[in-house]
Amino acid sequence: MDRPPALLLLLALGLCCPGIHGQSLEMKVRSPKDITQLRMGQRLELECQTDRNSGAFWIHQDKSGTLHFIVFISSVSRTTFSKDQRTSPRFEASKHNTVYLLVVKSFTPQDEGNYFCMMNFNQMLFFSPGQPAFLPVTTTVAPTTRGPIPKHGITEDPNSKTLAPDRRMQEDLDFSCDIFIWVPLAGACLVLLIALVITIVLCRRTRRRRCRCKRPANGKPPTKPRTPN
């Protein structure tokens, strides 16, 4: 079909060169339904409202900016799709008075983009504002990992793992303090014990020496006899 490439060239010229736009023709593209939340497989209906009955073209601009001819609807409601086909497996088109209708049978990511209505009147091109149609952006949520299930009714403190290094450091400090306290104390106790043992041994030796000395029978110490002068 020779018509679609020529139409796309004219459309590109019309978008780039505002001097060929006319001001006497009003065109407006709208959807009779809310299309802000399109879904996969949904039926998309678009209307091109004009004040002329001279036929209209539907053009699709995809997300990359490429233009695609969809259909031409004549003034007598005759439709011509791409490759001179009267019908299309993806689109439907019709006309009611000066309203040109386009239907996307089952909306897919391939159909996302802007839709334009174009008319050729008095050897001038007229373009409607673009009607955007996009699927909602889906945000992927990172999967959450579930913690271990406590057994036998024992709940695990979630902060136990994070506090383990601090607790270990505190235990090391406590152990060092215990060494500095208990080692001198044990040494002092050992010295006292040795001193006590030495004292007991000395006391026993002294007592034995005292017991070896003989006492007189009457309990008085013996006196030396006096010598006459």
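Scroll up a little and you will see the structure.
Reading the values: rules and limits
Residues numbered from 1 in each chain as written. Predicted model: local features only at pLDDT ≥ 70, side-chain atom pairs only at ≥ 80, totals over all residues. Heavy atoms only, no water. Helix = DSSP H or I, 4+ residues; strand = E, 2+ residues; numbered from the N terminus. Buried < 20%, exposed > 50% of the residue type's maximum accessible area, 1.4 Å probe, protein only. Contact = heavy atoms within 4.5 Å. Areas by Shrake-Rupley, 256 points an atom, 1.4 Å probe, with all protein chains shown as cover. Phe/Tyr/Trp six-rings, centres within 6.5 Å; stacked < 30°, edge-to-face > 60°. Core = buried A, V, L, I, M, F, W, Y, C linked by side-chain atoms within 4.5 Å. Pairing = 2+ DSSP bridges. Axes fitted to C-alpha atoms, helices over the stretch in contact; angles between N-to-C directions. Lys, Arg positive; Asp, Glu negative; His and termini not counted. Salt bridge = Lys/Arg side-chain N within 4 Å of Asp/Glu carboxyl O. Polar contact = N/O pair within 3.5 Å; in protein donor to acceptor, adjacent residues only side chain to side chain. Disulfide = S-S within 2.5 Å.

**So, the overall build of the protein chain**
Line of reasoning, step 1. Secondary structure assignment for the protein chain yields two helices and ten strands.
Line of reasoning, step 2. Starting at the N terminus, the α and β elements of the protein chain follow one another as α-β-β-β-β-β-β-β-β-β-β-α.
Line of reasoning, step 3. For the protein chain, the residues scored as buried account for 26% of the 229 residues in total.
Line of reasoning, step 4. Pairs at least 24 apart in sequence give 54% of the contacts found in the protein chain among residues at least 6 apart.
Line of reasoning, step 5. Accessible area of the protein chain: about 17700 Å², with a carbon and sulfur share of 58%.

**A short note on the packing of aromatic side chains**
Each aromatic ring pair is characterised by the separation of its centres together with the angle its planes make.
Line of reasoning, step 1. Under the defined criterion, the tally for this structure stands at two aromatic pairs.
Line of reasoning, step 2. Ring geometry for phenylalanine 57 versus phenylalanine 72: centroids 4.4 Å apart, planes at 40°, classification tilted. Of the two residues, phenylalanine 57 sits in strand β3 (residues 56-61) while phenylalanine 72 sits in strand β4 (residues 67-73), which places them 15 residues apart along the sequence.
Line of reasoning, step 3. Judged by relative accessible area, phenylalanine 72 falls into the buried class, the value being 16%.
Line of reasoning, step 4. Here the aromatic rings of phenylalanine 121 and phenylalanine 126 are separated by 6.4 Å at their centres, their planes lie at 55°, and the arrangement is tilted. Across the pair, phenylalanine 126 and phenylalanine 121 agree in class, each one buried.

**Focus: the nonpolar core**
Line of reasoning, step 1. Counting residues in hydrophobic clusters, the biggest one holds 27 residues, and the most contacted among them are Leu44, Trp58, Val71, Leu102, Phe107 and Tyr115.
Line of reasoning, step 2. Contributions of two or more residues to this core are made by β1 (27-30), β2 (44-50), β3, β4, β6 (91-96), β7 (99-104) and β8 (113-121).
Line of reasoning, step 3. Top element by residues in this core is β8. It accounts for four residues.
Line of reasoning, step 4. What phenylalanine 107 contacts, discounting residues up to four positions off in sequence, is Leu38, Arg39, Met40, Gly41, Gln42, Leu44, Glu112, Tyr115, Ala133, Phe134 and Leu135.
Line of reasoning, step 5. Counting residues in hydrophobic clusters, the runner-up holds nine residues, among them Ile59, Phe72, Met118 and Leu125.

**Considerations on the sheet that holds β7**
Line of reasoning, step 1. Judged by pairing direction, the sheet is antiparallel, and its four strands sit side by side in the order β1-β2-β7-β6 without closing on themselves. Both outer strands of the open sheet, β1 and β6, are each paired with one neighbouring strand and no more. Averaged over all neighbouring strand pairs, the angle between strand axes comes to 15°, with direction disregarded.
Line of reasoning, step 2. Sheet topology places β2 next to β7; six bridges connect them, and they run antiparallel.

**Description of the environment of valine 76**
Line of reasoning, step 1. Structurally, valine 76 is set in the loop between β4 and β5 (79-81).
Line of reasoning, step 2. Exposure remark for valine 76: the relative accessible area of 66% places this residue in the exposed category.
Line of reasoning, step 3. In the structure, valine 76 is positioned 20 residues away from histidine 96 in sequence and 9.9 Å away in space, judged by C-alpha atoms.

**Digging into the side chain of aspartate 62**
Line of reasoning, step 1. With respect to the helices and strands, the residue aspartate 62 is situated in the loop between β3 and β4.
Line of reasoning, step 2. Although aspartate 62 is buried, it forms no salt bridge, and the closest oppositely charged side chain is lysine 63 at an N-O distance of 9.2 Å.
Line of reasoning, step 3. For aspartate 62, the side chain forms a polar contact with the side chain of serine 64, separated by 2.8 Å.
Line of reasoning, step 4. When neighbours within four sequence positions are excluded, aspartate 62 is seen to be in contact with His68, Glu112 and Gly113.

**Concerning the environment of serine 128**
Line of reasoning, step 1. Along the polypeptide, serine 128 turns up in the loop between β9 (124-127) and β10 (131-133).
Line of reasoning, step 2. Sequence spacing of serine 128 and lysine 28 is 100 residues, and the spatial spacing of their C-alpha atoms is 5.5 Å.

**Focus on the state of the cysteines**
Line of reasoning, step 1. All chains considered together, the criterion is met by one disulfide.
Line of reasoning, step 2. Note on cysteine connectivity: cysteine 48 is disulfide-linked to cysteine 117, with sulfurs 2.1 Å apart. Across the S-S bond linking cysteine 48 and cysteine 117, the dihedral sits near -90°, which makes this disulfide left-handed. Of this pair, cysteine 48 sits in strand β2 while cysteine 117 sits in strand β8; the two residues are 69 residues apart in sequence, bridging distant segments of the chain. Like cysteine 48, the residue cysteine 117 is buried in the burial classification.

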